[in-house]
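Listed below, chain by chain, are the residues.
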Amino acid sequence: MQLEIRPDPAEVGRARRWARSRLAGLGIAADEPLAENLVLLVSELVTNAVVHTGCPAVLRLFLSAGPVGAATVRLEVADASTRAPVPRCPGDESTGGRGLALVDGLADRWGWCPEGVGKRIWCELDRCATTVDAAETAAAGNCGRAAPAYEGVAYGVYGVYGGLAYGAV
């Protein structure tokens, strides 16, 4: 499944709606922490592609084979820019620059690689066999893993998106 993204900030909302509908089609309920995290990650990665590259992009979603209760969802955003994604350490007063830290904190795995004349940024979220509430998910990371540290800074609760706590401390 893929969606072509124009280099326009309005595309971010369209990408979120598309992702929600695809997840519903895969049997992943909109109120599951996995869905909420994934939609937030779609928003972050598509925003990065639109804002930082100014190029069209392609959003892709994949669900691994296997039992639906323990599946892995992979999100990819490919664009025509060769610039590598660069995580930033914004100051307390900065209103941006936390996107990749958020991806690092919410995804079970993420990375990037060259693709054609551009690059592909990807992340994966594992669907837990047991349900963990949103506060525990934000405090402990996906599927109960420890909260990650990024360049010496631990990430935890910053704000709320769709009932899910997320972000940087």
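Because the structure is a prediction, the values reported are computed rather than measured.

Conventions and cut-offs
- Residues numbered from 1 in each chain as written.
- Predicted model: local features only at pLDDT ≥ 70, side-chain atom pairs only at ≥ 80, totals over all residues.
- Heavy atoms only, no water.
- Helix = DSSP H or I, 4+ residues; strand = E, 2+ residues; numbered from the N terminus.
- Contact = heavy atoms within 4.5 Å.
- pLDDT = per-residue confidence, 0-100.
- Buried < 20%, exposed > 50% of the residue type's maximum accessible area, 1.4 Å probe, protein only.
- Core = buried A, V, L, I, M, F, W, Y, C linked by side-chain atoms within 4.5 Å.
- Pairing = 2+ DSSP bridges.

Draft legend 1. Summary view of the overall build of the protein. Within the protein, the regular secondary structure consists of 4 helices and 9 strands. When the helices and strands of the protein are placed in sequence order, the string is β-α-α-β-β-α-β-β-α-β-β-β-β. Partitioning the contacts of the protein with sequence separation of at least 6, the portion at a separation of at least 24 is 58%.

Draft legend 2. Structural view of the confidence of the model for the protein. Chain-level statistics for the protein give a pLDDT mean of 76 and a share of 70% at 70 or above. Across residues 129–169, confidence stays below pLDDT 50; counting only partners more than four residues off in sequence or on other chains, it has 80 contacts.

Draft legend 3. Region of interest: helix α3 (residues 99–106). Burial of α3 is extensive: 8 of the 8 residues sit out of reach of the surface. Gly99, Leu100, Ala101, Leu102, Val103, Asp104, Gly105 and Leu106 are the residues of α3 that are buried.

Draft legend 4. Up close: the environment of Ile28. Structurally, Ile28 can be placed in the loop between α1 (11–25) and α2 (33–53). Judged by relative accessible area, which is 2%, Ile28 ranks as buried. Sequence separation between Ile28 and Arg127 is 99 residues, and the spatial gap between their C-alpha atoms is 9.2 Å. Setting aside chain neighbours within four positions, we find Ile28 in contact with Leu23, Leu34, Ala35, Leu63, Val73 and Arg127.

Draft legend 5. Structural context of the nonpolar core. Formed by 33 residues in total, the largest nonpolar core has its most connected members in Ile5, Leu41, Leu45, Val46, Leu59, Leu75 and Val77. Mapped by element, the contributors of at least two residues to this core are β1 (2–5), α1, α2, β2 (57–63), β3 (72–79), α3 and β5 (118–126). In terms of residue count, α2 provides more of this core than any other element does, 11 residues in total. Ignoring any residue separated from it by four or fewer positions in sequence, one finds Val77 in contact with Leu45, Val46, Ala49, Ala57, Val58, Leu59, Lys119, Arg120 and Ile121.

Draft legend 6. Representation of the environment of Leu102 in the model. Tracing the chain through its elements places Leu102 in helix α3. Each C-alpha atom, one on Leu102 and one on Glu44, is 8.1 Å from the other, the two residues being 58 residues apart in sequence.

Draft legend 7. Up close: the pairing of β2. Among the 7 residues of β2, 5 are classified as buried, and the element is accordingly described as predominantly covered. As paired elements, β1 and β2 share 4 bridges and run antiparallel to each other. If you follow Gln2 over to β2, its bridge partner there is Arg60. Pairing of β2 with β3 involves 7 bridges; the strand directions are antiparallel. Following the sheet pairing, Val58 is matched in β3 by Ala78.

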